[in-house]
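A closer look at the structure
Below are the chains, spelled out letter by letter.
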Amino acid sequence: MPQKDALIAELKTEAVNTRKMLEKIPEDKFAWKPHEKSMTIGRLAAHVAEIPIWVDRTVSADYFDFATAPMLRNTYENTAVLLKIFEEKQARAIVALQHASDEMLNERFEVRRGEEVVFAMPRKVLIRNFAFNHLIHHRGQLSVYLRLLDVPVPGMYGPSADEK
C-alpha cells in the first residue's frame, strides 16, 4: 500500500472525531478561556480547524518559513464558519496527499525561521507529528474546555462519560 493511502485513511478517520468536537463548541462561549494563559475556546477551535493545512504545506513545498509566513491567530464568528474552514483545509490535505509519492513523502522537509532551521524531518514524519498528532493534542484540550463548560463531551475512540 502506498504511504499516502495510509495517511489519507488516518486523516479521514480523525476528521470524523474532529468534526464531532468542533460541533460542540458553544457559540456564546467563543471568548471563554479556562485560564489567563490559555487560548479562548474560539481561538483553540479555530486552530484545530486550520491544522490540516500543514499536510498541504508539507506536500506542496520544500520548506516552510515562519519569517515570511507568520502564524495567523484567527477566530471565527460561529460554528458554521468554523466547520467550513475545517472542511476546506481537510479537503486540501486529502488532495495534496493524493498527489504524493512514497519517494516524496520520504524526502526531508524543513521548518525555518529565516536562516535558522527549526527542525527538519521526512515529510511523512512531519505530517504525522505536526499535523495529525498536533491536531489530536489540541482536540484533547478542547475536550477539557468543554468539560469545564459543562458541555457534553463527544467520544473519540469509544463513548465518553457523557454518552451511554
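Above this text sits the structure in question.
Residues numbered from 1 in each chain as written. Predicted model: local features only at pLDDT ≥ 70, side-chain atom pairs only at ≥ 80, totals over all residues. Heavy atoms only, no water.

With that out of the way, let us pick up the pattern of salt bridges. Considering all chains together, one arrives at 12 salt bridges under this definition. Salt-bridge contacts for Lys33 lead to Glu36; the nearest nitrogen and oxygen are separated by 3.7 Å. Taking the shortest distance from any N to any O, the salt bridge between Asp62 and Arg123 comes out at 3.4 Å. In this pair, Asp62 is assigned in the loop between α3 (53–60) and β1 (63–65) and Arg123 in helix α6 (residues 123–148), connecting sequence segments 61 residues apart. Overall, the relative accessible area of 56% leaves Asp62 in the exposed class. Each of Asp62, Glu107 and Arg123 takes part in a single network of salt bridges with overlapping partners. (Salt bridge = Lys/Arg side-chain N within 4 Å of Asp/Glu carboxyl O. Helix = DSSP H or I, 4+ residues; strand = E, 2+ residues; numbered from the N terminus. Buried < 20%, exposed > 50% of the residue type's maximum accessible area, 1.4 Å probe, protein only.)

Take the environment of Glu110 next. Relative to the helices and strands, Glu110 resides in strand β2 (residues 108–113). On the basis of relative accessible area, Glu110 is assigned to the buried category, the value being 13%. In sequence terms Glu110 and Phe64 are 46 residues apart; their C-alpha atoms lie 6.4 Å from each other. Once residues lying within four places of it in the same chain are set aside, the contact partners of Glu110 are Asp62, Tyr63, Phe64, Val117, Phe119 and Ala120. (Contact = heavy atoms within 4.5 Å.)

Taken as a whole and judged by the stated rule, the model has 6 aromatic pairs. For the pair Trp32 and Tyr145, a centre-to-centre distance of 5.7 Å together with 85° between the ring planes defines the contact as edge-to-face. Highlighted residues: Trp32 in the loop between α1 (3–23) and α2 (41–50) and Tyr145 in helix α6, separated in sequence by 113 residues. Taking the relative accessible area as the measure of exposure, Trp32 reaches 24% and is therefore partly exposed. Using a relative accessible area of 7% as the deciding quantity, one classes Tyr145 as buried. Judged by centre distance (4.7 Å) and plane angle (70°), the ring pair of Trp54 and Phe64 falls under edge-to-face. Remark: Phe64 occurs in strand β1 and Trp54 occurs in helix α3; sequence separation between them is 10 residues. (Phe/Tyr/Trp six-rings, centres within 6.5 Å; stacked < 30°, edge-to-face > 60°.)

What follows is about the side chain of Arg123. Relative accessible area serves as the criterion here: at 2%, Arg123 is assigned to the buried category. In terms of polar contacts, Arg123 uses its side chain to reach the backbone carbonyl oxygen of Met104, at 3.1 Å. Among residues more than four places away in sequence, those in contact with Arg123 are Thr58, Val59, Ala61, Asp62, Met104, Leu105, Glu107, Arg108 and Phe109. (Polar contact = N/O pair within 3.5 Å; in protein donor to acceptor, adjacent residues only side chain to side chain.)

Here the focus is the packing of α2 against helix α4 (residues 79–98). Where α2 contacts α4, the two axes come as close as 8 Å, and the packing angle between them is 25°. Judged by the inter-axis angle, α2 sits roughly parallel to α4. Contacts between α2 and α4 involve Ala45, Ala46, Val48, Ala49 and Glu50 on the former and, on the latter, Leu82, Ile85, Phe86 and Lys89. Residues that form the contact of α2 with α4 fall into these classes: 7 nonpolar, no polar and 2 charged. (Axes fitted to C-alpha atoms, helices over the stretch in contact; angles between N-to-C directions. Parallel < 35°, antiparallel > 145°, perpendicular 65-115°, else oblique. Nonpolar A, V, L, I, M, F, W, Y, C, P; charged D, E, K, R; others polar.)

Okay, the packing of α3 against α6 next. α6 packs onto α3 with a crossing angle of 160° between their chain directions and a minimal axis gap of 9 Å. Accordingly, the angle class assigned to the pair α3 and α6 is roughly antiparallel. When the axes of α3 and α6 are compared, the crossing they make is right-handed. Counted together, Trp54, Val55, Thr58 and Val59 of α3 and Arg123, Leu126, Ile127, Phe130, Ala131 and Phe132 of α6 form the full contact between these two elements. (Left-handed = near helix turned anticlockwise from the far one by under 90°.)

This next bit is on the layout of surface pockets. One number sums up the size of the largest pocket: a volume of about 230 Å³. Forming the boundary of the largest pocket are 14 residues, of which Glu50, Ile53, Arg57, Leu72 and Asn74 lie nearest the centre. Mapped onto the lining of the largest pocket, the elements with two or more residues apiece are α2 and α3. Across the lining of the largest pocket, the residue classes break down as 8 nonpolar, 2 polar and 4 charged. (1 Å grid on protein atoms, 1.4 Å probe; cavity = no way out; pocket = protein on both sides within 12 Å on 5 of 7 lines; lining within 4 Å. Points joined across faces, edges and corners; volume = space filled by probe spheres on them.)

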